[in-house]
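Analysis of the macromolecular model
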Amino acid sequence: MNGSRTEDANARMQRLTAVRPRLVSFARLQLRDNAQAEDAVQEALATAIEKDADFAGRSGYETWVFGILKYKILDSLRAQRRQGKWQAFDDEGDEDAIDRQFQHNGRWQEAARPTSWGEPEAAFANEHFWRVFDTCMIALPENIARVFSLRELMGLSTADICKETGLKENNCWVILHRARLRLRACIERGYISEDG
């Protein structure tokens, strides 16, 4: 029995080692600070090792570890905010550029209409897509990327995002809209144009 437990622990350590680069990449994307990202990942890994017996198997082990990392990232984001490291949330100055993409009735201008990506499952299974996505996320202005990440990658509700960032709800929705438009345009340039 003890040998089986040791084998399980060794297998989990190997999985932690294998998933570590993805954890670091995810943390860097959220925190935009390499040292803080490394610290958050180290804390998440230490917690996963310490709480290994608590893993109930209701999700994949890697998913469980990513869940731990999300809380460590949120702690780091709160610390960044307290230390005044966040830029003030202001108008990014691209309101006119966004408005020009749409007609007065809210429909897309013909030239701005999004390109078809084909089958979403095929794109999401393509490693090149994710490299382009990561590049596009890094290219987003820091505040826009932070709000988008909190919502779409970390799964926070709009109310929680507003509480964490101090944004008003309507401003949060505008930032999310801008992030999606910018990401789509960037992905179309970097992925669709190269693959299509």
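The following refers to the structure shown. (Residues numbered from 1 in each chain as written. Predicted model: local features only at pLDDT ≥ 70, side-chain atom pairs only at ≥ 80, totals over all residues. Heavy atoms only, no water.)

Another point: unusual backbone geometry. Even without a glycine there, the phi angle at Arg 32 is positive, about 55 degrees. Locating Arg 32 in the fold gives a position in the loop between α1 (2–31) and α2 (34–50). (Helix = DSSP H or I, 4+ residues; strand = E, 2+ residues; numbered from the N terminus.)

Axes are the key here: two packed helices are described by the angle between their axes and the distance separating the axes. Closest axis-to-axis distance for the α2/helix α3 (residues 61–82) pair is 9 Å, and the angle between their directions is 135 degrees. On the basis of their axis angle, the class for α2 and α3 is oblique. The interaxial crossing formed by α2 with α3 has right-handed handedness. Two secondary-structure elements touch here, α2 through Gln 36, Ala 40, Val 41, Glu 43, Ala 44, Leu 45, Thr 47 and Ala 48 and α3 through Tyr 61, Trp 64, Val 65, Ile 68, Leu 69, Lys 72, Ser 76 and Gln 80. (Axes fitted to C-alpha atoms, helices over the stretch in contact; angles between N-to-C directions. Parallel < 35°, antiparallel > 145°, perpendicular 65-115°, else oblique. Left-handed = near helix turned anticlockwise from the far one by under 90°. Contact = heavy atoms within 4.5 Å.)

Quick look at the nonpolar core now. Core analysis: the largest hydrophobic core is formed by 47 residues, its most contacted members being Leu 23, Val 65, Leu 69, Ile 73 and Met 137. With nine residues, the single largest contributor to this core is α3. Residues in contact with Met 137, not counting those within four places in the same chain, are Leu 29, Arg 32, Ala 145, Phe 148, Ser 149, Leu 153 and Leu 183. (Core = buried A, V, L, I, M, F, W, Y, C linked by side-chain atoms within 4.5 Å. Buried < 20%, exposed > 50% of the residue type's maximum accessible area, 1.4 Å probe, protein only.)

Honestly, it's all geometry; don't read function into it.
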